Amino acid sequence: MQQKTCTLEEKEKLRTNTAALGVGIVCLVIGLPLWWKTTEIYRVQLPYSDINKLSQNRILYAVNIEVISFDIILSKSLPELDVKLQASFAKKGESLLHPNYEIHVRDSTDDEKTLLKRSKTFKELDALFWNSTKQEISMYTVLLLPEGSPSTYSLPVIGVHGTVGITVNNGKDDIAHQIETIVREVLVREGTLEKSMSTGQGLRSHKPDKDSMRWVRAYSGYDVTFTLVNPQPDFVDADWNIQEALYAYLNPFLEKMSNFTTVHLTSQVLYYAGLVTRPHKGDNGSYFYTEQDLPLMINPLETKLGSHASNNPTLNFVVYIPTRDNSPLFILDENEIPVTSNAFLSPRWGGVMIYNVDVPSSAKLPYPLELDMHRLMEVFLTQIRLLLNIEVQTNGKDMITRELGKEAITDWELTAWLRCRCIENLATAKASLKSLAQLLGEIRNIVINDEIGKEVEMAVEEIKKSEGLLASGQIQDAYRASSKAATAAEKAFFDPSLLELLYFPEDQKFAIYIPLFLPIGIPVVTAMIKAIKWFRQRHQIVKAKTD
(Lines give C-alpha, C1' and ligand atoms only; values in the text may rest on other atoms or scores of the structure.)
Protein backbone atom coordinates (compact mmCIF):
# COMPACT_ATOMS: atom_id res chain seq x y z
CA MET A 1 0.00 0.00 0.00
CA GLN A 2 2.84 2.33 0.83
CA GLN A 3 4.55 1.53 -2.46
CA LYS A 4 1.35 2.34 -4.34
CA THR A 5 1.08 5.68 -2.51
CA CYS A 6 4.67 6.54 -3.41
CA THR A 7 3.97 5.72 -7.00
CA LEU A 8 0.93 8.00 -7.09
CA GLU A 9 2.91 10.80 -5.42
CA GLU A 10 5.73 10.37 -7.90
CA LYS A 11 3.31 10.47 -10.82
CA GLU A 12 1.76 13.65 -9.44
CA LYS A 13 5.19 15.32 -9.15
CA LEU A 14 6.03 14.17 -12.68
CA ARG A 15 2.80 15.64 -13.99
CA THR A 16 3.30 18.93 -12.11
CA ASN A 17 6.94 19.43 -13.11
CA THR A 18 6.22 18.46 -16.70
CA ALA A 19 3.42 21.04 -16.85
CA ALA A 20 5.64 23.71 -15.26
CA LEU A 21 8.46 22.95 -17.69
CA GLY A 22 6.07 22.93 -20.65
CA VAL A 23 4.51 26.25 -19.72
CA GLY A 24 7.96 27.75 -19.25
CA ILE A 25 9.21 26.46 -22.59
CA VAL A 26 6.12 27.78 -24.36
CA CYS A 27 6.59 31.19 -22.73
CA LEU A 28 10.30 31.39 -23.55
CA VAL A 29 10.34 29.77 -26.98
CA ILE A 30 7.03 31.04 -28.36
CA GLY A 31 5.68 33.80 -26.10
CA LEU A 32 8.81 35.91 -25.66
CA PRO A 33 9.78 36.00 -29.38
CA LEU A 34 6.15 36.62 -30.32
CA TRP A 35 5.94 39.53 -27.88
CA TRP A 36 9.26 40.92 -29.09
CA LYS A 37 8.19 40.66 -32.72
CA THR A 38 4.75 42.21 -32.21
CA THR A 39 6.13 45.13 -30.19
CA GLU A 40 9.14 45.92 -32.38
CA ILE A 41 9.18 49.06 -34.53
CA TYR A 42 8.72 48.68 -38.28
CA ARG A 43 11.87 49.78 -40.09
CA VAL A 44 12.44 49.35 -43.79
CA GLN A 45 15.98 48.33 -44.63
CA LEU A 46 17.79 51.30 -46.17
CA PRO A 47 20.89 51.14 -48.43
CA TYR A 48 23.27 52.42 -45.76
CA SER A 49 26.37 51.15 -47.55
CA ASP A 50 25.41 52.91 -50.80
CA ILE A 51 24.72 56.15 -48.93
CA ASN A 52 28.12 55.98 -47.26
CA LYS A 53 29.89 55.30 -50.56
CA LEU A 54 28.07 58.12 -52.35
CA SER A 55 29.10 60.65 -49.72
CA GLN A 56 32.75 59.69 -50.25
CA ASN A 57 32.69 59.48 -54.05
CA ARG A 58 34.24 62.24 -56.14
CA ILE A 59 31.94 64.11 -58.49
CA LEU A 60 33.38 64.16 -62.01
CA TYR A 61 32.19 66.48 -64.75
CA ALA A 62 33.34 66.34 -68.35
CA VAL A 63 34.35 69.39 -70.38
CA ASN A 64 35.29 69.06 -74.04
CA ILE A 65 37.44 71.79 -75.58
CA GLU A 66 38.22 71.99 -79.26
CA VAL A 67 40.92 74.47 -80.28
CA ILE A 68 40.88 75.39 -83.98
CA SER A 69 43.67 77.44 -85.49
CA PHE A 70 43.13 79.75 -88.48
CA ASP A 71 46.60 81.28 -88.27
CA ILE A 72 49.20 79.87 -90.68
CA ILE A 73 52.19 80.78 -88.51
CA LEU A 74 50.67 79.26 -85.38
CA SER A 75 49.81 76.03 -87.18
CA LYS A 76 53.47 74.99 -87.07
CA SER A 77 53.51 75.10 -83.25
CA LEU A 78 50.17 73.41 -82.65
CA PRO A 79 51.79 70.22 -81.20
CA GLU A 80 53.60 72.36 -78.64
CA LEU A 81 50.34 74.17 -77.80
CA ASP A 82 48.58 70.84 -77.42
CA VAL A 83 51.21 69.63 -74.93
CA LYS A 84 50.90 72.85 -72.89
CA LEU A 85 47.13 72.64 -72.75
CA GLN A 86 47.13 68.97 -71.82
CA ALA A 87 49.56 69.68 -68.98
CA SER A 88 47.73 72.77 -67.67
CA PHE A 89 44.29 71.16 -67.70
CA ALA A 90 45.56 67.92 -66.14
CA LYS A 91 46.10 69.56 -62.75
CA LYS A 92 44.23 67.67 -60.04
CA GLY A 93 43.17 68.81 -56.62
CA GLU A 94 42.15 67.05 -53.43
CA SER A 95 38.54 68.21 -53.59
CA LEU A 96 35.64 65.81 -54.04
CA LEU A 97 34.80 67.83 -57.16
CA HIS A 98 37.00 67.05 -60.14
CA PRO A 99 36.82 68.26 -63.76
CA ASN A 100 37.76 65.98 -66.65
CA TYR A 101 38.98 68.10 -69.55
CA GLU A 102 39.22 66.62 -73.03
CA ILE A 103 41.43 68.82 -75.24
CA HIS A 104 41.61 68.62 -79.03
CA VAL A 105 43.89 70.96 -80.97
CA ARG A 106 43.78 71.05 -84.77
CA ASP A 107 43.99 73.19 -87.90
CA SER A 108 40.86 74.62 -89.45
CA THR A 109 39.22 72.85 -92.38
CA ASP A 110 38.39 74.45 -95.72
CA ASP A 111 34.71 74.70 -94.77
CA GLU A 112 35.60 76.43 -91.51
CA LYS A 113 37.84 78.88 -93.35
CA THR A 114 34.90 79.65 -95.61
CA LEU A 115 32.76 80.43 -92.56
CA LEU A 116 35.46 82.81 -91.33
CA LYS A 117 35.51 84.64 -94.66
CA ARG A 118 31.72 84.96 -94.69
CA SER A 119 31.63 86.50 -91.21
CA LYS A 120 31.82 90.26 -90.84
CA THR A 121 31.62 90.16 -87.05
CA PHE A 122 32.42 87.58 -84.42
CA LYS A 123 28.73 87.37 -83.58
CA GLU A 124 28.06 86.11 -87.10
CA LEU A 125 31.00 83.71 -86.87
CA ASP A 126 29.67 82.34 -83.58
CA ALA A 127 26.22 81.75 -85.10
CA LEU A 128 27.66 80.11 -88.23
CA PHE A 129 29.82 77.74 -86.20
CA TRP A 130 26.88 76.83 -83.98
CA ASN A 131 24.57 76.12 -86.90
CA SER A 132 27.17 74.12 -88.81
CA THR A 133 28.44 71.93 -85.97
CA LYS A 134 25.52 71.78 -83.47
CA GLN A 135 28.07 71.13 -80.77
CA GLU A 136 27.20 69.53 -77.47
CA ILE A 137 26.22 71.70 -74.54
CA SER A 138 29.34 70.69 -72.59
CA MET A 139 31.68 71.42 -75.50
CA TYR A 140 33.47 74.71 -76.09
CA THR A 141 35.15 75.82 -79.30
CA VAL A 142 38.18 78.12 -79.17
CA LEU A 143 39.04 79.83 -82.46
CA LEU A 144 42.59 81.14 -82.88
CA LEU A 145 42.11 83.94 -85.40
CA PRO A 146 44.80 85.78 -87.39
CA GLU A 147 45.24 89.52 -86.99
CA GLY A 148 43.35 91.69 -89.45
CA SER A 149 40.31 89.44 -89.69
CA PRO A 150 36.95 91.32 -89.59
CA SER A 151 35.76 89.13 -86.74
CA THR A 152 38.77 89.68 -84.47
CA TYR A 153 39.02 91.86 -81.39
CA SER A 154 41.93 93.21 -79.42
CA LEU A 155 40.69 91.15 -76.47
CA PRO A 156 39.37 87.58 -76.34
CA VAL A 157 35.64 87.46 -76.97
CA ILE A 158 32.96 84.92 -76.07
CA GLY A 159 29.97 84.49 -78.35
CA VAL A 160 26.40 83.78 -77.36
CA HIS A 161 26.76 80.07 -78.14
CA GLY A 162 30.01 79.62 -76.25
CA THR A 163 32.49 80.05 -79.09
CA VAL A 164 35.68 81.79 -77.93
CA GLY A 165 37.68 83.98 -80.27
CA ILE A 166 41.34 84.77 -79.51
CA THR A 167 43.41 86.91 -81.84
CA VAL A 168 46.88 85.51 -82.42
CA ASN A 169 49.35 88.31 -81.76
CA ASN A 170 52.44 86.78 -83.42
CA GLY A 171 53.25 84.73 -80.37
CA LYS A 172 53.45 87.72 -78.04
CA ASP A 173 50.76 86.37 -75.74
CA ASP A 174 50.64 83.07 -73.93
CA ILE A 175 47.71 81.50 -75.79
CA ALA A 176 47.65 78.40 -73.57
CA HIS A 177 47.34 80.54 -70.46
CA GLN A 178 44.56 82.62 -72.04
CA ILE A 179 42.60 79.53 -73.00
CA GLU A 180 42.99 78.00 -69.55
CA THR A 181 41.90 81.22 -67.81
CA ILE A 182 38.84 81.69 -70.02
CA VAL A 183 37.70 78.09 -69.72
CA ARG A 184 38.34 77.57 -66.02
CA GLU A 185 37.28 80.96 -64.65
CA VAL A 186 34.58 82.13 -67.07
CA LEU A 187 33.05 79.24 -69.01
CA VAL A 188 33.26 76.46 -66.42
CA ARG A 189 33.54 78.70 -63.31
CA GLU A 190 35.46 76.21 -61.18
CA GLY A 191 35.52 78.50 -58.14
CA THR A 192 31.75 78.90 -58.27
CA LEU A 193 31.30 75.14 -58.55
CA GLU A 194 33.35 74.61 -55.38
CA LYS A 195 31.24 77.20 -53.55
CA SER A 196 28.03 75.58 -54.77
CA MET A 197 29.17 72.18 -53.56
CA SER A 198 30.06 73.58 -50.15
CA THR A 199 26.69 75.34 -50.01
CA GLY A 200 24.86 72.12 -50.87
CA GLN A 201 26.79 70.20 -48.22
CA GLY A 202 26.03 72.86 -45.65
CA LEU A 203 29.70 73.25 -44.80
CA ARG A 204 30.90 76.16 -42.72
CA SER A 205 34.59 75.38 -43.06
CA HIS A 206 35.01 77.61 -46.10
CA LYS A 207 35.13 81.37 -45.65
CA PRO A 208 31.74 82.93 -46.47
CA ASP A 209 31.82 85.35 -49.36
CA LYS A 210 29.31 87.74 -50.90
CA ASP A 211 28.58 85.46 -53.85
CA SER A 212 27.52 82.37 -51.91
CA MET A 213 25.57 84.47 -49.39
CA ARG A 214 23.72 86.26 -52.20
CA TRP A 215 22.61 83.24 -54.26
CA VAL A 216 19.21 81.71 -53.86
CA ARG A 217 19.41 77.97 -53.26
CA ALA A 218 18.48 75.60 -56.08
CA TYR A 219 14.71 75.04 -56.29
CA SER A 220 12.37 73.62 -58.89
CA GLY A 221 10.56 76.95 -59.12
CA TYR A 222 10.68 80.60 -58.09
CA ASP A 223 8.00 83.22 -57.45
CA VAL A 224 8.99 86.67 -58.73
CA THR A 225 6.96 89.72 -57.70
CA PHE A 226 7.36 93.20 -59.18
CA THR A 227 5.97 96.03 -57.04
CA LEU A 228 5.54 99.72 -57.74
CA VAL A 229 5.40 101.72 -54.50
CA ASN A 230 3.85 105.20 -54.84
CA PRO A 231 3.52 106.83 -51.41
CA GLN A 232 1.93 110.03 -52.78
CA PRO A 233 -0.41 109.30 -55.69
CA ASP A 234 -1.83 112.80 -55.34
CA PHE A 235 1.65 114.15 -56.19
CA VAL A 236 2.71 111.70 -58.95
CA ASP A 237 0.32 109.68 -61.07
CA ALA A 238 2.75 106.90 -62.02
CA ASP A 239 1.95 104.34 -64.68
CA TRP A 240 4.05 101.38 -65.76
CA ASN A 241 3.41 98.96 -68.57
CA ILE A 242 4.71 96.00 -66.62
CA GLN A 243 2.99 93.33 -68.72
CA GLU A 244 4.60 94.36 -72.00
CA ALA A 245 7.92 94.95 -70.27
CA LEU A 246 7.96 91.45 -68.78
CA TYR A 247 7.10 89.96 -72.15
CA ALA A 248 9.75 91.96 -74.01
CA TYR A 249 12.64 91.74 -71.55
CA LEU A 250 12.01 88.73 -69.34
CA ASN A 251 10.23 86.32 -71.66
CA PRO A 252 13.41 85.33 -73.62
CA PHE A 253 15.06 84.55 -70.30
CA LEU A 254 12.10 82.50 -69.07
CA GLU A 255 11.87 80.53 -72.30
CA LYS A 256 15.44 79.29 -71.95
CA MET A 257 14.93 78.46 -68.28
CA SER A 258 11.51 76.84 -68.74
CA ASN A 259 12.92 73.36 -69.37
CA PHE A 260 14.77 73.38 -66.06
CA THR A 261 12.83 75.57 -63.62
CA THR A 262 9.51 77.37 -63.41
CA VAL A 263 9.17 81.08 -62.67
CA HIS A 264 5.80 82.47 -61.60
CA LEU A 265 5.47 86.23 -62.23
CA THR A 266 3.16 88.63 -60.40
CA SER A 267 2.96 92.42 -60.20
CA GLN A 268 1.23 94.94 -57.95
CA VAL A 269 1.00 98.65 -57.15
CA LEU A 270 1.02 99.93 -53.57
CA TYR A 271 -0.23 103.41 -52.69
CA TYR A 272 0.44 105.37 -49.53
CA ALA A 273 3.18 102.95 -48.51
CA GLY A 274 6.27 104.90 -47.53
CA LEU A 275 9.60 104.24 -45.87
CA VAL A 276 9.84 104.45 -42.11
CA THR A 277 13.54 105.30 -42.14
CA ARG A 278 14.08 108.98 -42.92
CA PRO A 279 16.89 109.71 -45.39
CA HIS A 280 19.83 112.00 -44.74
CA LYS A 281 19.82 115.47 -46.23
CA GLY A 282 22.64 116.48 -48.53
CA ASP A 283 24.28 119.84 -49.06
CA ASN A 284 22.66 120.45 -52.46
CA GLY A 285 19.10 119.93 -51.25
CA SER A 286 19.00 116.24 -52.19
CA TYR A 287 18.48 113.28 -49.88
CA PHE A 288 20.38 110.04 -49.62
CA TYR A 289 20.63 106.64 -47.96
CA THR A 290 23.94 105.01 -47.03
CA GLU A 291 24.76 101.30 -47.15
CA GLN A 292 24.01 101.02 -43.44
CA ASP A 293 20.48 102.36 -43.99
CA LEU A 294 19.53 99.90 -46.75
CA PRO A 295 18.49 96.94 -44.53
CA LEU A 296 16.16 99.28 -42.61
CA MET A 297 14.42 100.19 -45.86
CA ILE A 298 13.38 96.61 -46.65
CA ASN A 299 11.71 95.77 -43.32
CA PRO A 300 8.77 98.22 -43.59
CA LEU A 301 8.32 97.38 -47.28
CA GLU A 302 8.35 93.63 -46.76
CA THR A 303 5.37 93.72 -44.40
CA LYS A 304 3.25 95.39 -47.10
CA LEU A 305 4.31 93.37 -50.13
CA GLY A 306 1.99 90.49 -49.28
CA SER A 307 2.59 86.82 -49.92
CA HIS A 308 0.81 83.79 -51.31
CA ALA A 309 0.95 80.15 -50.36
CA SER A 310 3.85 78.51 -52.15
CA ASN A 311 6.76 76.24 -51.40
CA ASN A 312 8.96 78.20 -53.80
CA PRO A 313 11.19 81.07 -52.66
CA THR A 314 9.95 84.55 -53.50
CA LEU A 315 12.09 87.22 -55.15
CA ASN A 316 10.83 90.78 -54.71
CA PHE A 317 11.72 93.65 -57.02
CA VAL A 318 10.48 97.03 -55.87
CA VAL A 319 10.32 100.40 -57.64
CA TYR A 320 10.00 103.20 -55.11
CA ILE A 321 8.99 106.74 -56.03
CA PRO A 322 10.23 109.18 -53.35
CA THR A 323 7.85 111.54 -51.61
CA ARG A 324 7.78 115.23 -52.45
CA ASP A 325 9.62 116.29 -49.28
CA ASN A 326 12.39 113.64 -49.78
CA SER A 327 13.06 114.11 -53.48
CA PRO A 328 15.45 113.63 -55.18
CA LEU A 329 16.60 110.55 -53.25
CA PHE A 330 19.86 108.73 -53.94
CA ILE A 331 21.81 105.72 -52.69
CA LEU A 332 25.45 106.29 -51.79
CA ASP A 333 28.09 103.59 -51.90
CA GLU A 334 30.86 103.06 -49.35
CA ASN A 335 32.83 105.92 -50.95
CA GLU A 336 29.80 108.25 -50.59
CA ILE A 337 29.33 108.33 -54.36
CA PRO A 338 25.79 108.01 -55.79
CA VAL A 339 25.13 104.55 -57.25
CA THR A 340 24.65 104.78 -61.01
CA SER A 341 21.55 102.58 -61.10
CA ASN A 342 20.17 104.11 -57.87
CA ALA A 343 19.27 100.57 -56.84
CA PHE A 344 20.56 97.97 -54.42
CA LEU A 345 20.39 94.20 -54.10
CA SER A 346 19.30 92.34 -50.98
CA PRO A 347 20.79 88.83 -50.79
CA ARG A 348 18.26 86.02 -51.32
CA TRP A 349 15.40 88.55 -51.19
CA GLY A 350 15.41 90.76 -54.28
CA GLY A 351 16.17 94.34 -55.19
CA VAL A 352 14.93 97.89 -54.69
CA MET A 353 15.23 100.74 -57.17
CA ILE A 354 14.56 104.37 -56.29
CA TYR A 355 12.94 106.17 -59.21
CA ASN A 356 13.31 109.94 -58.90
CA VAL A 357 10.78 112.19 -60.63
CA ASP A 358 11.55 115.71 -61.74
CA VAL A 359 8.22 117.50 -61.30
CA PRO A 360 8.13 121.08 -62.63
CA SER A 361 6.97 123.63 -60.10
CA SER A 362 4.25 124.84 -62.50
CA ALA A 363 2.98 121.32 -63.26
CA LYS A 364 -0.60 120.40 -62.48
CA LEU A 365 -0.87 117.76 -59.79
CA PRO A 366 -0.97 114.85 -59.81
CA TYR A 367 1.91 114.89 -62.27
CA PRO A 368 1.50 112.14 -64.92
CA LEU A 369 4.52 109.87 -65.19
CA GLU A 370 5.27 107.01 -67.55
CA LEU A 371 8.06 104.90 -66.11
CA ASP A 372 11.01 104.01 -68.33
CA MET A 373 10.59 100.24 -68.40
CA HIS A 374 13.84 99.68 -70.30
CA ARG A 375 15.73 101.31 -67.47
CA LEU A 376 13.85 99.31 -64.83
CA MET A 377 14.09 95.93 -66.50
CA GLU A 378 17.76 96.39 -67.25
CA VAL A 379 18.44 96.75 -63.54
CA PHE A 380 16.05 94.03 -62.39
CA LEU A 381 17.21 91.50 -64.98
CA THR A 382 20.79 91.97 -63.81
CA GLN A 383 19.67 91.46 -60.22
CA ILE A 384 17.77 88.29 -61.16
CA ARG A 385 20.88 86.92 -62.81
CA LEU A 386 22.92 87.68 -59.69
CA LEU A 387 20.39 86.10 -57.32
CA LEU A 388 20.10 82.93 -59.41
CA ASN A 389 23.89 82.62 -59.77
CA ILE A 390 23.87 83.19 -63.52
CA GLU A 391 25.85 86.39 -63.75
CA VAL A 392 29.52 85.75 -64.54
CA GLN A 393 31.77 88.19 -62.74
CA THR A 394 34.50 89.27 -65.18
CA ASN A 395 35.75 92.26 -63.20
CA GLY A 396 39.51 92.33 -63.28
CA LYS A 397 39.61 89.95 -66.26
CA ASP A 398 40.09 92.61 -68.93
CA MET A 399 41.06 89.89 -71.40
CA ILE A 400 37.38 88.91 -71.60
CA THR A 401 34.78 90.62 -73.76
CA ARG A 402 31.22 89.36 -73.70
CA GLU A 403 28.88 89.74 -76.65
CA LEU A 404 25.45 89.35 -75.09
CA GLY A 405 23.31 91.47 -77.38
CA LYS A 406 19.59 91.10 -76.67
CA GLU A 407 20.01 87.66 -75.14
CA ALA A 408 19.04 87.59 -71.47
CA ILE A 409 21.13 84.46 -70.95
CA THR A 410 23.63 82.92 -73.33
CA ASP A 411 23.99 79.23 -74.08
CA TRP A 412 27.30 78.98 -72.27
CA GLU A 413 25.92 80.81 -69.23
CA LEU A 414 23.00 78.37 -69.17
CA THR A 415 25.45 75.48 -69.38
CA ALA A 416 27.49 76.86 -66.47
CA TRP A 417 24.31 77.43 -64.45
CA LEU A 418 23.05 73.87 -65.06
CA ARG A 419 26.41 72.41 -64.08
CA CYS A 420 26.50 74.54 -60.94
CA ARG A 421 22.96 73.68 -59.90
CA CYS A 422 23.52 70.01 -60.67
CA ILE A 423 26.51 69.85 -58.35
CA GLU A 424 24.62 71.77 -55.67
CA ASN A 425 21.70 69.34 -55.94
CA LEU A 426 24.00 66.33 -55.70
CA ALA A 427 25.77 67.75 -52.67
CA THR A 428 22.44 68.58 -51.02
CA ALA A 429 21.00 65.12 -51.71
CA LYS A 430 24.11 63.36 -50.39
CA ALA A 431 24.20 65.51 -47.25
CA SER A 432 20.51 64.88 -46.57
CA LEU A 433 20.84 61.11 -47.04
CA LYS A 434 23.95 60.95 -44.87
CA SER A 435 22.29 62.94 -42.08
CA LEU A 436 19.18 60.78 -42.33
CA ALA A 437 21.22 57.57 -42.15
CA GLN A 438 23.11 58.82 -39.09
CA LEU A 439 19.87 59.87 -37.40
CA LEU A 440 18.12 56.56 -38.00
CA GLY A 441 21.22 54.63 -37.03
CA GLU A 442 21.55 56.39 -33.67
CA ILE A 443 17.85 56.44 -32.75
CA ARG A 444 16.52 52.92 -33.10
CA ASN A 445 12.95 53.63 -32.04
CA ILE A 446 11.95 55.71 -35.08
CA VAL A 447 9.67 54.01 -37.58
CA ILE A 448 10.92 53.83 -41.18
CA ASN A 449 7.87 53.28 -43.34
CA ASP A 450 7.76 52.07 -46.94
CA GLU A 451 7.30 55.58 -48.34
CA ILE A 452 10.55 56.77 -46.79
CA GLY A 453 12.32 53.68 -48.07
CA LYS A 454 11.09 54.35 -51.62
CA GLU A 455 12.20 58.00 -51.46
CA VAL A 456 15.66 57.04 -50.18
CA GLU A 457 16.10 54.37 -52.86
CA MET A 458 14.95 56.81 -55.54
CA ALA A 459 17.39 59.45 -54.29
CA VAL A 460 20.28 56.96 -54.33
CA GLU A 461 19.45 55.78 -57.86
CA GLU A 462 19.04 59.33 -59.19
CA ILE A 463 22.34 60.39 -57.63
CA LYS A 464 24.15 57.53 -59.34
CA LYS A 465 22.39 58.32 -62.61
CA SER A 466 23.18 62.04 -62.39
CA GLU A 467 26.84 61.45 -61.58
CA GLY A 468 27.16 59.11 -64.56
CA LEU A 469 25.53 61.61 -66.91
CA LEU A 470 27.62 64.48 -65.56
CA ALA A 471 30.83 62.50 -66.04
CA SER A 472 29.87 61.88 -69.67
CA GLY A 473 29.03 65.54 -70.35
CA GLN A 474 25.23 65.20 -70.57
CA ILE A 475 24.55 68.22 -68.37
CA GLN A 476 20.85 68.72 -69.04
CA ASP A 477 19.89 65.14 -68.19
CA ALA A 478 22.31 65.17 -65.25
CA TYR A 479 20.63 68.29 -63.87
CA ARG A 480 17.15 66.77 -64.13
CA ALA A 481 18.30 63.60 -62.36
CA SER A 482 20.02 65.63 -59.63
CA SER A 483 16.88 67.69 -59.11
CA LYS A 484 14.85 64.50 -58.61
CA ALA A 485 17.50 63.19 -56.19
CA ALA A 486 17.51 66.37 -54.11
CA THR A 487 13.70 66.44 -53.98
CA ALA A 488 13.46 62.78 -52.93
CA ALA A 489 16.18 63.13 -50.30
CA GLU A 490 14.60 66.26 -48.81
CA LYS A 491 11.19 64.62 -48.82
CA ALA A 492 12.53 61.60 -46.97
CA PHE A 493 14.51 63.67 -44.47
CA PHE A 494 11.58 65.95 -43.57
CA ASP A 495 8.93 63.23 -43.53
CA PRO A 496 6.58 63.99 -40.60
CA SER A 497 6.62 60.35 -39.47
CA LEU A 498 10.29 60.69 -38.52
CA LEU A 499 9.56 62.13 -35.10
CA GLU A 500 11.10 60.38 -32.12
CA LEU A 501 8.37 61.59 -29.79
CA LEU A 502 5.77 59.60 -31.71
CA TYR A 503 7.23 56.30 -30.47
CA PHE A 504 8.26 54.74 -27.17
CA PRO A 505 11.98 54.34 -26.50
CA GLU A 506 13.21 50.91 -25.45
CA ASP A 507 13.47 51.84 -21.77
CA GLN A 508 9.87 53.09 -21.73
CA LYS A 509 8.67 49.94 -23.47
CA PHE A 510 10.27 47.77 -20.79
CA ALA A 511 8.94 50.10 -18.08
CA ILE A 512 5.41 49.49 -19.37
CA TYR A 513 5.61 45.72 -19.87
CA ILE A 514 7.73 44.66 -16.87
CA PRO A 515 5.03 45.48 -14.27
CA LEU A 516 2.64 43.39 -16.37
CA PHE A 517 4.83 40.35 -17.05
CA LEU A 518 7.02 40.28 -13.94
CA PRO A 519 4.30 38.99 -11.54
CA ILE A 520 3.53 36.25 -14.04
CA GLY A 521 7.11 35.59 -15.09
CA ILE A 522 8.62 35.04 -11.63
CA PRO A 523 6.39 32.04 -10.72
CA VAL A 524 6.87 30.55 -14.19
CA VAL A 525 10.67 30.85 -14.01
CA THR A 526 10.74 29.59 -10.43
CA ALA A 527 8.59 26.59 -11.36
CA MET A 528 10.86 25.87 -14.36
CA ILE A 529 13.95 25.90 -12.15
CA LYS A 530 12.33 23.54 -9.63
CA ALA A 531 11.14 21.26 -12.45
CA ILE A 532 14.62 21.12 -13.99
CA LYS A 533 16.14 20.28 -10.58
CA TRP A 534 13.54 17.56 -9.97
CA PHE A 535 14.17 15.96 -13.35
CA ARG A 536 17.91 15.99 -12.68
CA GLN A 537 17.46 14.31 -9.30
CA ARG A 538 15.07 11.74 -10.78
CA HIS A 539 17.57 11.00 -13.53
CA GLN A 540 20.36 10.49 -10.99
CA ILE A 541 18.15 8.13 -8.89
CA VAL A 542 17.21 6.07 -11.92
CA LYS A 543 20.81 5.88 -12.98
CA ALA A 544 21.92 4.79 -9.49
CA LYS A 545 19.30 1.99 -9.38
CA THR A 546 20.39 0.83 -12.80
CA ASP A 547 24.02 0.63 -11.71
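Each value, and the rule that gives it
Residues numbered from 1 in each chain as written. Predicted model: local features only at pLDDT ≥ 70, side-chain atom pairs only at ≥ 80, totals over all residues. Heavy atoms only, no water. Core = buried A, V, L, I, M, F, W, Y, C linked by side-chain atoms within 4.5 Å. Buried < 20%, exposed > 50% of the residue type's maximum accessible area, 1.4 Å probe, protein only. Salt bridge = Lys/Arg side-chain N within 4 Å of Asp/Glu carboxyl O. Helix = DSSP H or I, 4+ residues; strand = E, 2+ residues; numbered from the N terminus. Pairing = 2+ DSSP bridges.

Draft legend 1. Broad picture of the nonpolar core. Residues Leu-144, Ile-179, Phe-226, Phe-253 and Leu-371 are the most contacted members of the largest nonpolar core, which totals 108 residues. In terms of nonpolar packing, the next biggest core, distinct from the first, is built from 19 residues, Leu-270, Leu-275, Tyr-287 and Val-318 among them.

Draft legend 2. Here's a closer look at the pattern of salt bridges. Applying the stated criterion across every chain yields a total of 13 salt bridges. Between Arg-217 and Glu-424 there is a salt bridge, with the nearest N and O atoms lying 3.1 Å from each other. With a gap of 207 residues between them, Arg-217 in the loop between α9 (210–214) and β6 (221–230) and Glu-424 in helix α13 (residues 411–442) connect regions that are remote in the sequence. Between Glu-467 and Lys-430 there is a salt bridge, and its shortest N-O distance comes to 2.5 Å. Of this pair, Glu-467 sits in helix α14 (residues 450–471) while Lys-430 sits in helix α13, and the two are 37 residues apart along the sequence. In this pair, the class of Glu-467 matches that of Lys-430, namely buried. Several salt bridges converge on common partners, so that one network encompasses Glu-66, Arg-106 and Glu-112.

Draft legend 3. Spatial organisation of the sheet that holds strand β12 (residues 329–331). The strand order β9-β10-β12 describes an open sheet built from three strands, whose pairing is mixed. With partners counted over all chains shown, the strands left at the sheet margins are β9 (280–281) and β12, one partner each. Summarising the sheet, β9 and strand β10 (residues 287–289) pair through two bridges and their orientation is antiparallel. Counted as the bridge partner of Lys-281 is Tyr-287 from β10.

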